Amino acid sequence: MAEMRLIESGRMGRVAYARIAPNEDLVSSVEKLCLAEGFSHAFVRGALGSLVDACLERADGSCQVIRGPAAEIVSLAGEVRSQPDGSLRAALTGVVADTHGHLYGGPFVAGANAVCVTFEVTLEEWLPSPDNP
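Residues numbered from 1 in each chain as written. Predicted model: local features only at pLDDT ≥ 70, side-chain atom pairs only at ≥ 80, totals over all residues. Heavy atoms only, no water.

*Asks:* Would you mind going over helix H1 (residues 26-37) with me for this structure?
*Replies:* Because each turn of an α-helix spans 3.6 residues, side chains separated by three or four positions in sequence point in the same direction. Taking 1.5 Å of rise per residue, 12 residues should cover 16 Å, and H1 covers 17 Å from first to last C-alpha, within 8% of that figure. Turning to H1, its buried residues number three or more, namely Leu26, Val27, Ser29, Val30, Glu31, Leu33 and Cys34. Buried residues in H1 make contact with strand E1 (10-20), strand E2 (42-51), strand E5 (71-82), strand E6 (88-97) and strand E8 (115-128). For H1, the side-chain oxygen to backbone nitrogen distance between the N-cap and Val27 is 3.3 Å, and the N-cap itself is Asp25. Positive backbone phi, approximately 80°, marks Gly38, located one or two places after H1. (Helix = DSSP H or I, 4+ residues; strand = E, 2+ residues; numbered from the N terminus. Expected span 1.5 Å × (residues − 1). Buried < 20%, exposed > 50% of the residue type's maximum accessible area, 1.4 Å probe, protein only. Contact = heavy atoms within 4.5 Å. Polar contact = N/O pair within 3.5 Å; in protein donor to acceptor, adjacent residues only side chain to side chain.)

And the structure:
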């Protein structure tokens, strides 16, 4: 089965650097940061921090839990897109290291990735061209 991909033209806009507080969910916090900055579309450009425990989505839809304390984010990428109802949805994927240094990768499950001590993230606004299909 072919995978559908969205291709659009546009340009980059403003950049926001923000801190996410302890016990806040990573995915919903990125969405809230975009709302606060007025970004309807954005890319995650960088991140630094750790999670209490990490929850990554497996191919079968189940959650793989990586136990902390302080499951370290090794890399984080993703985007935030405006939905038809006006809400924002973040799709974040990354690599996490457990306390033994084992690495795990995949999409972060919304509502299941609480920030441990602190988390910094850099977001870059995406401004799609109005003539996109």
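*Asks:* What am I meant to see in the state of the cysteines here?
*Replies:* What is meant by a disulfide is a covalent connection between two cysteines, made through their sulfur atoms. Within the structure shown, the criterion is met by 1 disulfide. One disulfide bridge connects Cys55 with Cys63, the sulfur atoms lying 1.5 Å from each other. Not engaged in a disulfide, the cysteine Cys116 finds its nearest cysteine sulfur in Cys55; these two sulfurs lie 16 Å apart. (Disulfide = S-S within 2.5 Å.)

*Asks:* Would you mind showing me how to read the packing of aromatic side chains here?
*Replies:* What characterises a pair of aromatic rings is the spacing of the ring centres plus the angle enclosed by the ring planes. This model, assessed by the stated rule, comprises 1 aromatic pair. Taking 5.8 Å as the distance between ring centres and 65° as the angle between the ring planes, the aromatic pair formed by Phe43 and Trp126 counts as edge-to-face. Of this pair, Phe43 sits in strand E2 while Trp126 sits in strand E8; the two residues are 83 residues apart in sequence, bridging distant segments of the chain. Accessibility expressed as a relative area gives 12% for Trp126, which makes it buried. (Phe/Tyr/Trp six-rings, centres within 6.5 Å; stacked < 30°, edge-to-face > 60°.)

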